[in-house]
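Summary of structural features
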Amino acid sequence: MKAPLLACVAGAAASKSYLAWTADSFIQHGVEVTKGYGEATLYEGYEAAYALTRNETYAEWYRGQIDGGVVLENGTIRNWNYSFYSLDDYRIGNNILWWYERTHEDKYKQAASIIRSQLDRHPRTPTGGFWHRAPNYPNQMWLDGIFMADSFYAKWTSLFDAKNETAWDDIARQYDNIEAHTRNRTSGLLVHGYDESKKAVWADPVTGAAPLVWSRAVGWYFMSLLEVIPLFPKSHPGRARLTEYFVTLAAALKRAQDEESNGWWLIMSEPYPGAEGNYIESSASAMFTFGWLKGIRLGFLAEEEYLGPARRAYHGLTERFINVNDDGTLNWEGTVEVGSLGSNGTYEYYISVPLEENDHRGAGSFMLASYEMERR
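Below: a short report on this structure. Please read these numbers as outputs of a predicted model, since none were measured by experiment. Here the residue numbers are simple positions, counted from 1 along each chain's written sequence. A pLDDT threshold of at least 70 governs which residues receive local features in this predicted model, and a stricter bar of 80 or more applies before side-chain atom pairs are shown or counted, although totals over entire chains, interfaces and linings include all residues. With hydrogens and water set aside, each side-chain value is computed from the structure's full complement of heavy atoms.

**Examining the overall build of the protein chain**
Each helix is a run of DSSP H or I of at least 4 residues and each strand a run of E of at least 2, with the numbering of both proceeding from the N terminus. For the protein chain, the helix and strand inventory stands at 14 helices and 8 strands. For the radius of gyration, the atoms used are the C-alpha atoms, and the globule rule reads 2.2 Å times the number of residues raised to 0.38. Computed over C-alpha atoms, the radius of gyration of the protein chain comes to 20 Å, within 12% of the 21 Å expected from 2.2 N^0.38 for 376 residues, which places it in the range of a compact globule. Referenced to the eigenvectors of the C-alpha coordinate spread, the extents of the protein chain come out at roughly 60 × 50 × 40 Å. Residue exposure (1.4 Å probe, protein chains only): buried if accessible area is under 20% of the type maximum, exposed if over 50%, otherwise partly exposed. For the protein chain, with 376 residues in total, the buried portion stands at 60%. The criterion used for residue contact is that any of the two residues' heavy atoms lie within 4.5 Å. At a minimum sequence separation of 6, the contacts of the protein chain that also span at least 24 residues come to 70%. Total accessible area on the protein chain stands at roughly 14700 Å², and carbon and sulfur atoms take up 49% of it. When charges are counted, Lys and Arg are positive and Asp and Glu negative, with His and the chain ends excluded. Charged groups are reduced to one reference atom each: NZ for lysine, CZ for arginine, CG for aspartic acid, CD for glutamic acid. Here the protein chain contributes 35 positively and 48 negatively charged side chains, and the mean placements of these two sets differ by 6 Å. Note on areas: Shrake-Rupley with a 1.4 Å probe; residue coverage comes only from the protein chains shown.

Okay, structure coming up:
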């Protein structure tokens, strides 16, 4: 590694800027150039690092990941499959639009328009929700998919089609569907997804809902609400509904926060917190911490109620999930590799999935939480 970057790593660690330290560390670790949603989440962390530090090294590195590897000079997306409909693939659209807003280069708008057009063709449930993936998961909506697609849908609409009431109605409908079918009215938490056809092996025969609350899925949904609410026209009734969804979920997460670790369990449904095989999972804990801190900053949550728990949660992240290497870089630990309703949806399935060191979904979410903590 070049000496200047070594100095940056050492300096960030010494100053206890976890945001800069993580950003510097992952540049040194190396990040595969892909358009996957894990990398897209990590890149959002670099957007935060650049916003806080104005360190052009981060912007230059980030652009090197996008240009050529994702967005081609002719405005197309490398190896894009125009006939494959997976919401996971759409998340990178947010990052592409970040570069469009920064540079106003038309190639980024053209590339993002490819994803926007794909949404118009994407299969839907009878009530208008996007299938999570076709043909694999017919009529299924997952919380994950809201983060993957609807944040981009809202961002595109706000930039290029802001007066399109039909589009805003459609965006709100995705959240309304999820709320109607996955929110547990007792705990206030949301299960992983639902099958509108009620045919999946895990689907409740009456509601179609999945049986368990998987924490990272809730984290994706929580973050997406914060991305989309500020974009909604103030006069649109969907803005108030989404705000209520966020505030009530924030309160449910406060009740679910583990008193000892100040984090959150992989499976949050009763009676599983503390059960054998369950554990405090790092990506979801970072997402919830970020969501509380940003929710306070945006005025959705009362500081006197949430800042204390958020600070404790953030301290838990740094104490529990950061390991320091001999070269001064950090590793991010404790992130589960995946969670899918392509499974049988049981507790045994979720706890069987291995953890991954330096997972980009976890590290990116930690960077976002660090941004909110360090800008205070």
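This is not the end of the story, as more comes after the structure.
**Considering helix H3 (residues 37-53)**
Between the first and last residue of a helix there are one fewer steps than residues, each counted as 1.5 Å, and that sum is the expected span. A rise of 1.5 Å per residue sets the reference length of H3, with its 17 residues, at 24 Å; its end C-alpha atoms lie 24 Å apart and thus fit the reference within 8%. Across the 17 residues of H3, 14 count as buried, placing the element largely inside the fold. Count one or two residues on from H3 and you reach Arg-54, which has phi positive near 55 degrees.

**Details of the packing of helix H6 (residues 106-121) against helix H7 (residues 143-160)**
The geometry of a pair of packed helices is captured by two quantities: the angle between their axes and the separation between those axes. With axes taken as lines fitted to C-alpha atoms, and helix axes fitted only over the stretch in contact, angles between N-to-C directions fall between 0 and 180 degrees. At their nearest, the axes of H6 and H7 sit 11 Å apart, and the two run at 120 degrees to each other. Judged by the inter-axis angle, H6 sits oblique to H7. Between H6 and H7 the crossing geometry is left-handed. Judged by residue contacts, Lys-109, Ala-112, Ser-113, Ile-115, Arg-116 and Leu-119 of H6 engage Ala-149, Phe-152, Tyr-153, Trp-156 and Phe-160 from H7. All amino acids are sorted into three groups, where Ala, Val, Leu, Ile, Met, Phe, Trp, Tyr, Cys and Pro are nonpolar, Asp, Glu, Lys and Arg are charged, and the leftover types, Gly among them, are polar. Of the residues in the contact of H6 with H7, the class split is 8 nonpolar, 1 polar and 2 charged. Put simply, angles under 35 degrees are roughly parallel, angles over 145 are roughly antiparallel, angles from 65 to 115 are roughly perpendicular, and the rest are oblique. For any helix crossing, the convention is left-handed if the near helix is rotated counterclockwise from the far helix by under a right angle, and right-handed if that rotation is clockwise.

**Digging into the packing of aromatic side chains**
Aromatic rings from Phe, Tyr and Trp, with only the six-membered ring used for Trp, were paired whenever their centres fell within 6.5 Å, and each pair was classed as stacked if the ring planes differed by under 30 degrees, edge-to-face if by over 60, and tilted otherwise. Using the criterion set out here, one finds 34 aromatic pairs in the structure. On the basis of an interplanar angle of 25 degrees and a centroid distance of 6.1 Å, the ring pair of Trp-214 and Tyr-350 is categorised as stacked. Within this pair, whereas Trp-214 is found in the loop between strand E4 (193-195) and helix H9 (215-228), its partner Tyr-350 is found in helix H13 (residues 347-352), the two being separated by 136 residues in sequence. By relative accessible area, which is 2% here, Trp-214 ends up buried. Looking at Tyr-350, the relative accessible area reads 2%, which means it is buried. Through a chain of ring-to-ring contacts, the aromatic side chains of Tyr-43, Tyr-46, Tyr-50, Tyr-58, Trp-61, Tyr-62, Trp-98, Trp-99 and Tyr-108 assemble into a single cluster. One residue, Arg-91, lies across the ring of Phe-147, its end atom 3.6 Å from the ring centre. Counting as a charge over the ring demands two things of the Lys NZ or Arg CZ atom: a distance within 6 Å of the ring centre and an angle within 35 degrees of the ring normal.

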